[in-house]
Amino acid sequence: MEQIVRADIAAFGSGRSEMANAMIEESGVRIDGERRRGRGAGVNPSGRFEPVSRHVFDDGWESLEELPPFKTEVQVERPRTIITRNTSPDISFDRSINPYRGCEHGCVYCFARPTHSFMGLSPGLDFESKLFAKPDAARLLEKELSKEGYQPRTIAIGTNTDPYQPIEKKYRIMREVLEVLEAFGHPVGIVTKSALVTRDIDILARMAERGLAKVALSVTSLDRMLARTMEPRASTPTKRLEALRMLNDAGIPVSVMVAPIVPGLNDHEIERILDSAASVGAREAGYVILRLPLEVSPIFKDWLLRHYPDRYRHVMSLIRSMRDGKDYDSEWGKRMKGSGPYAWQIGRRFEIAAKKLGLNQERTRLRTDLFKGTEKRTEQLMLL
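Residues numbered from 1 in each chain as written. Predicted model: local features only at pLDDT ≥ 70, side-chain atom pairs only at ≥ 80, totals over all residues. Heavy atoms only, no water.

Novice: How should I be thinking about the overall build of the chain in this particular structure?
Specialist: Helices and strands together make up the secondary structure of the chain, namely 14 helices and 10 strands. A globule of 384 residues ought to have a C-alpha radius of gyration of about 21 Å, and the chain, at 22 Å, matches this closely. For the chain, the C-alpha atoms occupy an extent of roughly 70 × 50 × 35 Å along the three principal directions. Within the chain, buried positions represent 55% of all 384 residues. When contacts within the chain are restricted to residue pairs at least 6 apart in sequence, long-range pairs at least 24 apart make up 78% of them. Here the chain has roughly 18,200 Å² of accessible surface; of this, 51% comes from carbon and sulfur atoms. (Helix = DSSP H or I, 4+ residues; strand = E, 2+ residues; numbered from the N terminus. Rg over C-alpha atoms; globule rule 2.2 N^0.38 Å. Buried < 20%, exposed > 50% of the residue type's maximum accessible area, 1.4 Å probe, protein only. Contact = heavy atoms within 4.5 Å. Areas by Shrake-Rupley, 256 points an atom, 1.4 Å probe, with all protein chains shown as cover.)

And the structure:
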């Protein structure tokens, strides 16, 4: 977005953050606060594949106040397959499931926002309010696991959008997926920011007893105010820690993700988050440095100017110091951890704190030898 690019330049010049904010307000790209109440993004730019861009402006009729607020809308998506595969060398899984597209949590930094452009929608407020559910996920999964020659490896869920976002309470797609995985004896690793995961403790506990399940809770900050503005509809930090405790008490291996680490905002909390998570049962931990690919960069910059204008230059300078002077570097091996002295310092702090707390002494390895895909398919055919 050109307006935010210009505002960013102004923020680093003599105009400072006050002028940058004024420039964005005058451009009309920032959506009125009442219309986006309870949302993370403050803008709703057109997707990068769209031939036109839309802008809100006052045409003299004084009708801007009549525009409706952004309400959550859910459409049904009918994909042909549900398991997504990847060959990325810097992540630990080669397959994943996304029960939903878009995420109502509204995390302003979410790296998945640009995927909404493939649907002709905005990675801004549309990503948080125009959602897609895949009610056929469990049926498709059963079909794919039953294929001849399928080789089981841990399926990751929650790697793109959160499987336990608020609409899961109604659609229950994630629970149906877990029921299929349990029936097939297939391993699963879950990442979420929602305490709703505790609803499925019954299934997860049975799977964990067989070495088939583990769960990671992402805790970005223990500061309720920061968490509320940065992740407006995700569970509170206290709820996430309580979810870790409940899962651990049920015998489910749990870990904490300090993610993302935003330099100048939450990087001072690394040790405190690890200590709090370890005290409720986490035995593993990981971290990810803030990523700002494609449209995420202007959305995050607008958010930072709205909520923390006095820290704007400091935060963006530190981010760029870890990305070779850019907002983002997509190079494998660098995109998750960053590079340079500041990134090195964060890595060493994390490692020292984790070691002191006894975290990551052992890694939970899920079993694949219990998988019974072919047997399951044979049993179904015998019923015909």
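Having seen the structure, we can now continue with the description.
Novice: What am I meant to see in the pattern of salt bridges here?
Specialist: Tallied over the full model, the rule gives 33 salt bridges. A salt bridge links Arg139 to Asp136, with the nearest nitrogen and oxygen atoms 3.6 Å apart. A salt bridge links Asp249 to Arg245, with the shortest nitrogen-to-oxygen separation between them at 2.6 Å. With a gap of four residues between them, Asp249 and Arg245 both fall in helix H9 (residues 237-249), about one helical turn apart. When salt bridges with common partners are traced through the structure, they connect Glu168, Arg175, Glu179, Arg199, Asp200 and Asp202 into a single cluster. (Salt bridge = Lys/Arg side-chain N within 4 Å of Asp/Glu carboxyl O.)

Novice: Explain the sheet that holds strand S5 (residues 130-133) here, please?
Specialist: Strand pairing in a sheet relies on backbone hydrogen bonds. The paired strands run either parallel or antiparallel. Taken in spatial order, the three strands make up an open sheet running S1-S5-S4, and their pairing is mixed. Sheet topology places strand S1 (73-76) and strand S4 (100-101) at the edges, where each strand pairs with a single neighbour. Sheet topology note: the S1/S5 ladder contains four bridges and is parallel. Residue pairing for S5: Glu73 is matched across the bridge by Lys130. (Pairing = 2+ DSSP bridges.)

Novice: Looking at this structure, I do not really get the packing of helix H2 (residues 16-27) against helix H11 (residues 296-307). What am I missing?
Specialist: Packed helix pairs are specified by the crossing angle of their axes together with the interaxial distance, meaning the distance between the axes. Interhelical geometry of H2 versus H11 gives an angle of 120° and a closest axis separation of 10 Å. Here H11 runs oblique to H2, going by the angle between their axes. When you trace H2 past H11, the crossing you get is left-handed. Here H2 contributes Ser17, Ala20, Asn21 and Ile24 to the contact with H11, which in turn contributes Asp302, Leu305 and Arg306. Of the residues belonging to the contact of H2 with H11, the class tally is three nonpolar, two polar and two charged. (Axes fitted to C-alpha atoms, helices over the stretch in contact; angles between N-to-C directions. Parallel < 35°, antiparallel > 145°, perpendicular 65-115°, else oblique. Left-handed = near helix turned anticlockwise from the far one by under 90°. Nonpolar A, V, L, I, M, F, W, Y, C, P; charged D, E, K, R; others polar.)

Novice: Would you take a moment to explain the packing of aromatic side chains for this structure?
Specialist: Enumeration according to the criterion identifies seven aromatic pairs in this entry. Ring centres 5.3 Å apart and planes at 35° place the aromatic pair Phe49 and Phe118 in the tilted group. Here Phe49, found in the loop between H2 and S1, pairs with Phe118, found in the loop between S4 and helix H3 (125-129); they are 69 residues apart in sequence, far enough to count as distant. In this structure Phe49 comes out as partly exposed when scored by relative accessible area, which is 48%. (Phe/Tyr/Trp six-rings, centres within 6.5 Å; stacked < 30°, edge-to-face > 60°.)

Novice: How should I be thinking about a nonpolar patch on the surface in this particular structure?
Specialist: Taken together, Phe49, Phe118 and Met119 make up a surface patch of nonpolar side chains, about 320 Å² in accessible area. Examined against the element boundaries, Met119 turns out to sit in the loop between S4 and H3. (Patch = residues over 30% accessible without salt bridge, like charges linked within 9 Å, V, L, I, M, F, W, Y side chains within 5 Å.)

Novice: Please clarify how the sheet that holds strand S8 (residues 213-218) should be interpreted in this entry.
Specialist: Across the sheet, seven strands lie side by side as S2-S3-S6-S7-S8-S9-S10; this open sheet has mixed pairing. Strands with a single pairing partner mark the edges of an open sheet, and in this sheet they are strand S2 (83-85) and strand S10 (284-289). Strand-to-strand twist in this sheet, taken as the mean axis angle between neighbours without regard to direction, amounts to 25°. By the bridge criterion, three bridges tie S2 to strand S3 (residues 95-97) in an arrangement that is antiparallel. Across the sheet, residue Thr84 finds its bridge partner in S3, namely Ser96. Each of S8 and strand S9 (254-261) is contacted by H9, which is oriented at about 165° to S8, the strand it contacts most.

Novice: Quick question: what am I supposed to make of the environment of Ile346 here?
Specialist: Turning to its location among the elements, Ile346 is positioned in helix H13 (residues 341-356). Residues Ile346 and Tyr308, 38 residues apart in the sequence, show an inter-C-alpha distance of 22 Å. Once residues lying within four places of it in the same chain are set aside, the contact partners of Ile346 are Ile261, Ile270, Tyr287, Ile289 and Met322.

Novice: In this structure, what is going on with the nonpolar core? I would like to understand it.
Specialist: A general tendency of soluble globular proteins is for nonpolar side chains to be buried together. One finds Leu141, Leu145, Leu178, Leu181, Leu204, Leu247 and Leu274 to be the most contacted residues of the largest nonpolar core, which totals 65 residues. Sorting elements by how many residues they give to this core places helix H6 (residues 173-184) first, with seven residues. Apart from the residues lying within four places of it in its own chain, the contact partners of Leu247 are Val197, Ile201, Leu204, Val215, Leu217, Ile252 and Val254. Counting 35 residues, the second-largest nonpolar core is a separate cluster that includes Ile31, Leu226, Tyr308 and Ile319. (Core = buried A, V, L, I, M, F, W, Y, C linked by side-chain atoms within 4.5 Å.)

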